[in-house]
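Examining the three-dimensional arrangement
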Amino acid sequence: MSSSEFYNPEFEALSRAEIENLQLERLQHTVEHCYAGSRFYHERLDSIGIKPSSITSLDDLRKIPFTTKQDLRDTYPFGIASVPLSKCVRLHSSSGTTGNPTVVLHTQRDLEQWANAVARCLYMVGCRPEDVFQNTSGYGMFTGGLGFQYGAERLGMLTVPAAAGNTLRQLKFFKDFRTTVVHAIPSYAARLYEVMCEQGIDPRRDLALKTLVIGAEPHSEDTRKRIENMLGVKAYNSFGMSEMCGPGVAFECKEQNGLHIWEDYYIVEIVNPDTLEPVPDGEVGELVLTTINREAMPLLRYRTRDLTRILPGDCPCGRQHKRLDRMKGRSDDMIILKGVNIFPIQIETILMQFKELASDYLITLETLDDNDAMTVEVELSDMFIDDYGALQRLEKEITRQLRDEILITPKVRLVPKGSLPKSEGKAVRVKDLRKQYQ
Ligand code: ADP
Ligand code: ZN
């Protein structure tokens, strides 16, 4: 691979041994920095008798206790910071999908490094200064807005900070500015296509789109393929979270087979969420990340609650940074119905294999006659020919396949296109109306 394919070969093209040397050096520095600057970490490390000098190898990381989302909430808003507030220039907060928001602080250097990471990701999938980048994320506390903005500018693309919503205006910008790269959450990418169809726009004929960056919410491989086919683009999976900066944590390369996690920024561990013991590569567990390139608010062994695995083996692209499999969801997204554990993504994976179905679906859990039940409503695509017999056969086939996958028989309802509620931000896929959850 030629060095022109790397954004910053100095870090991106490191060998395994070089990555690990750099990680140890940065880990030691981070632990010293946290111990000196963060009251939270100082007390925590003291309480278990660990000094920064106790960290002499990467394995020693395991001596440090986990940091949890609850720790961030307990110390809200600034309690974990490792620098005085006067050194911080921005704060972001998580979108609060699963509870109270949490705050993340950034110094000028943190913002620089974050922009570099996002630029590296975009460059990896072929973005170049000649490209026109349109960002459909909300700008503000949600890191998908400013995070991509500064990364795309750092790379040198012409950026269109269109922000969320107003789909007709997004399409006008695509046309007028000859947008080539778009960042969108998967549910919004599908929405863009719907409105293109309504407006008689054929993306292949009328637009210059070639690359889509999709992330921020779990989606299946079939959803990606659908979006690629609809828009005539290559779609790359982007993973990030506010606690780790935002976008730019892990990103697919052109192989589209796993997301490289930048190990000069993060040390990755996958642990069994119950025992908290490490699991071998290839096995699914909870992603635990340690930031080793942050100043304002480094996090040591942060339990992300995201479930994934490390893909074994080398990536044909040549990068040695480990690859994460696409996210299975968060441990708190897991549905427990009649004692069976189910992830919404399992249901999506089945649904998206049916060409007769559109992209939007809603899983409702409710108690009917003292029994817990699941209903899966899914929109029909335009390809479906209105015929009652065919509709019944389709419902039956979907029910059968879902039952095989999740071991529970849901009620499947096929509904007309556009009839399920749409959300502005991340899609809401599960509604839990069960008695004990109210
Ligand atoms: P919130 O935690 O309030 O949703 P964030 O914007 O920080 O706010 O969201 C980060 C979370 O979004 C991650 O922990 C993960 O669960 C999810 N996420 C981000 N990117 C992806 C992706 N590419 N695939 C699946 N889930 C993702
Ligand atoms: Zn690769």
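Above this text sits the structure in question.
Bear in mind that the values here come from a model prediction, so they are computed numbers and not experimental data. (Residues numbered from 1 in each chain as written. Chains lettered and ligands numbered in written order. Predicted model: local features only at pLDDT ≥ 70, side-chain atom pairs only at ≥ 80, totals over all residues. Heavy atoms only, no water.)

**As for the overall build of the protein**
Spelled out, the test is: Helix numbering and strand numbering both begin at the N terminus, where a helix is a DSSP run of H or I of at least 4 residues and a strand a DSSP run of E of at least 2. In this setup the radius of gyration rests on C-alpha atoms only. A globule is expected at 2.2 Å times the number of residues raised to 0.38. Only protein chains enter the accessibility calculation, which uses a 1.4 Å probe. A residue is then buried if its area is under 20% of the maximum for its type, exposed if over 50%, and partly exposed in between. Using a 1.4 Å probe, accessible areas were evaluated by the Shrake-Rupley method; residue-level cover was limited to the displayed protein chains.
Across its full length, the protein carries twelve helices and 20 strands. Relative to the compact-globule value of 22 Å for 438 residues, the protein shows a C-alpha radius of gyration of 22 Å, a close match. Along the first, second and third principal axes, the C-alpha set of the protein runs to 70 × 55 × 40 Å. Considering the protein as a whole, with its 438 residues, one finds that 54% of them fall into the buried category. Accessible surface, the protein: about 19000 Å² in total, of which carbon and sulfur atoms supply 49%.

**Here we look at the coordination of the zinc ion (ligand 2)**
Each pair of donors in an ideal octahedron of six around a metal sits at 90 or 180 degrees, and each pair in an ideal tetrahedron of four sits at 109.5 degrees. Note the threshold: Metal-coordinating donors are taken as N, O and S atoms lying within 2.8 Å of the metal, or within 3.2 Å when the metal is Na, K or Ca; because water is left out, some sites can appear incomplete. Note on geometry labels: four donors, all angles 85 to 135 degrees, give tetrahedral; four donors become square planar and six octahedral when opposite donors are over 155 degrees apart and every other angle is between 65 and 115; remaining cases are irregular.
Of the protein atoms, only Cys253 (SG), His260 (NE2), Cys315 (SG) and Cys317 (SG) coordinate the zinc ion (ligand 2), at distances of 2.1 to 2.3 Å. With four donor atoms in place around the zinc ion (ligand 2) and angles of 102 to 118° between them, the coordination shape is tetrahedral. The sequence pattern formed by the donor residues of the zinc ion (ligand 2) is C-x6-H-x54-C-x1-C.

**Here's the deal with the pairing of strand E6 (residues 211-215)**
The following threshold applies: Here, strands pair whenever DSSP counts at least two bridges between them. Orient the strands so they point away from the viewer, and a crossover whose first-strand-to-second-strand path over the helix runs clockwise is right-handed.
For E6, the buried fraction is high: five of the five residues fall into the buried class. Of the two faces of E6, the one holding Thr211, Val213 and Gly215 and the one holding Leu212 and Ile214 are both buried throughout. As paired strands, strand E5 (residues 181-184) and E6 are joined by four bridges and run parallel to one another. Note on E6: the bridge partner recorded for Val182 is Leu212. In terms of strand pairing, E6 meets strand E7 (residues 234-239) through five bridges, oriented parallel. Counted as the bridge partner of Gly215 is Ser238 from E7. Each parallel crossover has a hand, and for E6 linked through helix H10 (residues 221-231) to E7 it is right-handed.

**Some words on the packing of aromatic side chains**
Here is the rule: A pair of aromatic rings is counted whenever rings of Phe, Tyr or Trp (Trp by its six-membered ring) have centres within 6.5 Å, and the orientation is called stacked for planes under 30 degrees apart, edge-to-face for over 60 and tilted otherwise.
Scanning the model with the defined rule gives five aromatic pairs in all. Centroid distance Tyr7 to Tyr123: 5.7 Å. Interplanar angle 55°. Geometry classified as tilted. On the criterion of sequence distance, the pair formed by Tyr7 in the segment before helix H1 (9-12) and Tyr123 in helix H5 (residues 108-124) is long-range, its members being 116 residues apart. Taking the relative accessible area as the measure of exposure, Tyr123 reaches 16% and is therefore buried.

**Observations regarding the pattern of salt bridges**
When their charged atoms lie close together, side chains carrying opposite charge are able to pair. So the rule is basically this: Salt bridges are counted wherever a side-chain nitrogen of Lys or Arg sits within 4 Å of a carboxyl oxygen of Asp or Glu.
Counting across every chain of the model gives 32 salt bridges. Glu243 is the partner of Lys69 in a salt bridge, and the nearest nitrogen-oxygen pair spans 3.1 Å. A residue pair is termed long-range when its members are at least 10 positions apart, and Lys69 in helix H4 (residues 69-74) and Glu243 in the loop between E7 and strand E8 (250-252) qualify at 174 residues. Per residue, the accessibility class of Lys69 equals that of Glu243, and both read buried. In this structure, Arg326 and Glu221 form a salt bridge, with 2.9 Å as the shortest nitrogen-oxygen distance. Of the two residues, Arg326 sits in the loop between strand E13 (323-324) and strand E14 (329-330) while Glu221 sits in helix H10, which places them 105 residues apart along the sequence.

**Considering the sheet that holds E5**
Rule in force here: Here, residues are in contact when the closest pair of their heavy atoms is within 4.5 Å. Orientation is described by axes fitted as lines to C-alpha atoms, over the contacting stretch for helices, and by angles from 0 to 180 degrees between their N-to-C directions.
With mixed pairing, the eight strands of this open sheet are ordered in space as E4-E3-E5-E6-E7-E8-E9-E13. This sheet does not close on itself; its edge strands, each paired only once, are strand E4 (158-160) and E13. Of the pairings in the sheet, the one linking strand E9 (residues 259-261) to E13 comprises two bridges and is antiparallel in character. Each bridged residue has a counterpart across the sheet, and for His260 the counterpart in E13 is Arg323. Running at roughly 175° to strand E3 (residues 132-135), helix H7 (residues 167-177) makes contact with E3, E4 and E5 of the sheet. Packing against the sheet, H10 makes contact with E6, E7 and E8, and its axis sits at approximately 135° to E7.

**Re the pairing of E5**
Across the two faces of E5 the burial is the same, with Val181 and His183 and Val182 and Ala184 all buried. For E3 and E5, the ladder comprises three bridges, and the chain directions are parallel. Counted as the bridge partner of Phe133 is Val181 from E5.

**A word on unusual backbone geometry**
Look at the link from Tyr76 to Pro77: it is a cis peptide, with omega at 0°. Of note in the backbone geometry, Ala216 takes a positive phi value of approximately 80° without being a glycine. Tracing the chain through its elements places Ala216 in the loop between E6 and H10. Of note, the phi angle at Arg301 is positive, near 50°, even though the residue is not glycine. Among the structural elements, Arg301 can be located in the loop between strand E11 (285-291) and strand E12 (302-308). The class of Arg301 is buried, set by a relative accessible area of 4%.

This is a description of form; function is not addressed.
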